[in-house]
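What the coordinates show
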Amino acid sequence: QAAAPLHPVAVQCQEAQMVVTVHRDLFGMGRLVRAADLTLGSDACLPVAQSAAESTVTFVAGLHECGSTLQITPDSLIYKTSLSYKPTPSGNLVIVRTNAAVVPIECHYPRKSNVSSNAIWPTWAPFHSTLSVEERLMFSLRLMNDDWSTERLSNGFQLGESLYLQADVVSGGHVPLRLFVDDCVATLSPDRSSSPRYALIDLSGCLVDGRSDDTTSAFISPRPRQETLQFVVDAFKFAGDDRNLIYITCHLKVSPADQAPNPLNKACSFNKASSLWAPVEGTGDICSCCETGNCLLYG
């Protein structure tokens, strides 16, 4: 869609690069931002062109350039970057009259079909070199819409809403596998060992956040398939901290699908109505250690 005041950022996802066109009326109020205050990606790439007549600036960046990141899902390759606007004082050096802004940008490419002869290079390795890694597992953890049909386009939430999280594994030539979420921890930085930290899932598959009085967090039962595990967590923020960005890091694992769940391979939610822990599959006793905290004793 062409960049215009109602849609100030337009993105073209091309074979090997993205073209980002930004209308300088970024906030739709008739006040044009300075082109020099706009950058792309964590590397702060500068625009390559600007049009005075159309009041636009244009960025062109390779998919791996400007600090973009790659996310791999079962169906897509997703290149993520962001457009940043950081106003610099002009005239009066003490004040600025616009807010800084960050616009997330994504380009999605299908994994299971060729867009053209050029689009698969260098993403795909020649066939002979992929044979040796046929057994590798591809894990993913995604925020989903509340009907689980598609990945959620925004990662912003209001307190009182719920996060719908889906873990998946693509298993290549393996025997059938069952996916588990061993643990999940929330932190204010990408370092999962940083402080403060809050455990959402712990003890080899106990959704301990659901044990709190004011939450409805739980695993979804039954699973849609053995290679997928879904769970819902009520939105939250850290007390006494004004930051709005929270990192959730999860450890995913698999076991053979024909192996019965056990205290080390389980997905257990706390049922407030019965005041008991209940597994997505398996017998109820595998969840007893969620209450005692002694799951590691099972070896």
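The notes below deal with the structure included here. On a predicted model such as this, the values are computed, not experimentally measured, just so you know. Counting restarts for each chain: residues are numbered from 1 in the order of the written sequence. The model is predicted, so local features are restricted to residues of pLDDT at least 70 and side-chain atom pairs to those at 80 or more, both for listing and for counting; the totals for chains, interfaces and linings are taken over all residues. Note that water and hydrogens are dropped before the side-chain values are worked out from all heavy atoms of the structure.

Right, let's get into the overall build of the protein chain. Along its length, the protein chain carries two helices and 17 strands. A buried classification covers 38% of the 299 residues belonging to the protein chain. Put simply, of all contacts in the protein chain between residues at least 6 apart along the chain, 59% involve residues at least 24 apart. The Shrake-Rupley method, run with a 1.4 Å probe, gives the accessible areas here. Residue values count only the displayed protein chains as cover. For the protein chain, the exposed surface amounts to about 16900 Å²; the carbon and sulfur share of it is 54%. Secondary structure elements are defined from DSSP: runs of H or I of at least 4 residues count as helices, runs of E of at least 2 residues count as strands, and each element is numbered from the N terminus. When a residue's accessible area, from a 1.4 Å probe over protein chains only, is under 20% of the maximum for its type it is buried; when over 50% it is exposed; and in between it is partly exposed. Contacts between residues were defined by any pair of non-hydrogen atoms, one from each residue, lying within 4.5 Å.

Attention shifts here to the sheet that holds strand 13 (residues 218-219). Two strands are said to pair when DSSP picks up at least two bridges between them. Pairing within the open sheet is antiparallel, and its four strands lie in the order 9-10-14-13. If you trace the sheet from one side to the other, it starts and ends with strand 9 (138-144) and strand 13, each paired once. Sheet topology places strand 9 next to strand 10 (residues 162-170); seven bridges connect them, and they run antiparallel. Residue Ser140 lies in a different strand from strand 10, and its bridge partner there is Asp168.

With that settled, the discussion passes to the environment of Ser221. Here Ser221 lies in the loop between strand 13 and strand 14 (228-234). We classify Ser221 as partly exposed; its relative accessible area is 47%. For Ser221 and Phe231, which are ten residues apart along the polypeptide, the C-alpha to C-alpha distance reads 8.9 Å.

What follows concerns unusual backbone geometry. With an omega of 5°, the peptide bond between Ser195 and Pro196 qualifies as cis. Within the secondary structure, Pro196 is located in the loop between strand 11 (177-187) and strand 12 (197-201). With omega at 0°, the peptide bond leading from Ser221 into Pro222 counts as cis. Structurally, Pro222 can be placed in the loop between strand 13 and strand 14. Even without glycine at this site, Trp148 takes up a positive phi of about 65°. The phi angle at Ser204 is positive, at roughly 60°, despite the residue not being glycine. With respect to the element layout, Ser204 can be found in the loop between strand 12 and strand 13. By relative accessible area, which is 10% here, Ser204 ends up buried.

Throughout this description, the term nonpolar core refers to a set of buried Ala, Val, Leu, Ile, Met, Phe, Trp, Tyr and Cys residues connected via side-chain atoms within 4.5 Å. One finds Met18, Val20, Val22, Leu38 and Phe59 to be the most contacted residues of the largest nonpolar core, which totals 21 residues. Elements that contribute at least two residues to this core include exactly strand 2 (17-23), strand 3 (38-40), strand 5 (56-62), strand 7 (76-85) and strand 8 (101-110). One finds Leu163, Leu207, Cys250 and Ala267 within the second-largest nonpolar core, a separate group that totals 20 residues.

Further remarks concern the sheet that holds strand 12. Taken together, three strands build an open sheet; the order of strands is 12-11-15 and the sheet is antiparallel. Lying at the two open borders of the sheet, with one neighbouring strand each, are strand 12 and strand 15 (247-256). Recorded for the sheet is a direction-independent mean angle of 20° between the axes of neighbouring strands. Relative to strand 15, strand 11 runs antiparallel, the two sharing ten bridges. In the strand pairing of strand 15, Phe180 is matched with Lys253. Helix axes use the C-alpha atoms of the stretch in contact, all axes being lines fitted to C-alpha atoms, and the angles between their N-to-C directions lie in the range 0 to 180 degrees.

So, on to the state of the cysteines. Any cysteine sulfur atom paired with another within 2.5 Å is treated as part of a disulfide. Tallied over the full model, the rule gives six disulfides. Covalent S-S linkage joins Cys13 and Cys107, the inter-sulfur distance amounting to 2.1 Å. Because the torsion about its S-S bond is -85°, the bridge between Cys13 and Cys107 counts as left-handed. On the criterion of sequence distance, the pair formed by Cys13 in strand 1 (residues 9-13) and Cys107 in strand 8 is long-range, its members being 94 residues apart. Accessibility expressed as a relative area gives 38% for Cys13, which makes it partly exposed. Paired by a disulfide, Cys45 and Cys66 hold their sulfur atoms 2.1 Å apart.

Here we take up the packing of aromatic side chains. Pairs were defined over the aromatic rings of Phe, Tyr and Trp, the Trp ring being its six-membered one, requiring ring centres within 6.5 Å. Orientation was assigned from the angle between planes: stacked under 30 degrees, edge-to-face over 60, tilted for the rest. Following the criterion strictly, the structure yields six aromatic pairs and no others. On the basis of an interplanar angle of 80° and a centroid distance of 6.4 Å, the ring pair of Phe236 and Phe238 is categorised as edge-to-face. With relative accessibility at 11%, the residue Phe238 sits in the buried group. The structure contains a cluster of three or more aromatic residues connected by ring pairs, namely Tyr198, Phe236 and Phe238. One residue, Arg223, lies across the ring of Phe180, its end atom 5.2 Å from the ring centre. By definition here, charges over rings are those cases where NZ of Lys or CZ of Arg is within 6 Å of the ring centre and within 35 degrees of the ring normal.

Just geometry here; none of it tells us what the structure is for.
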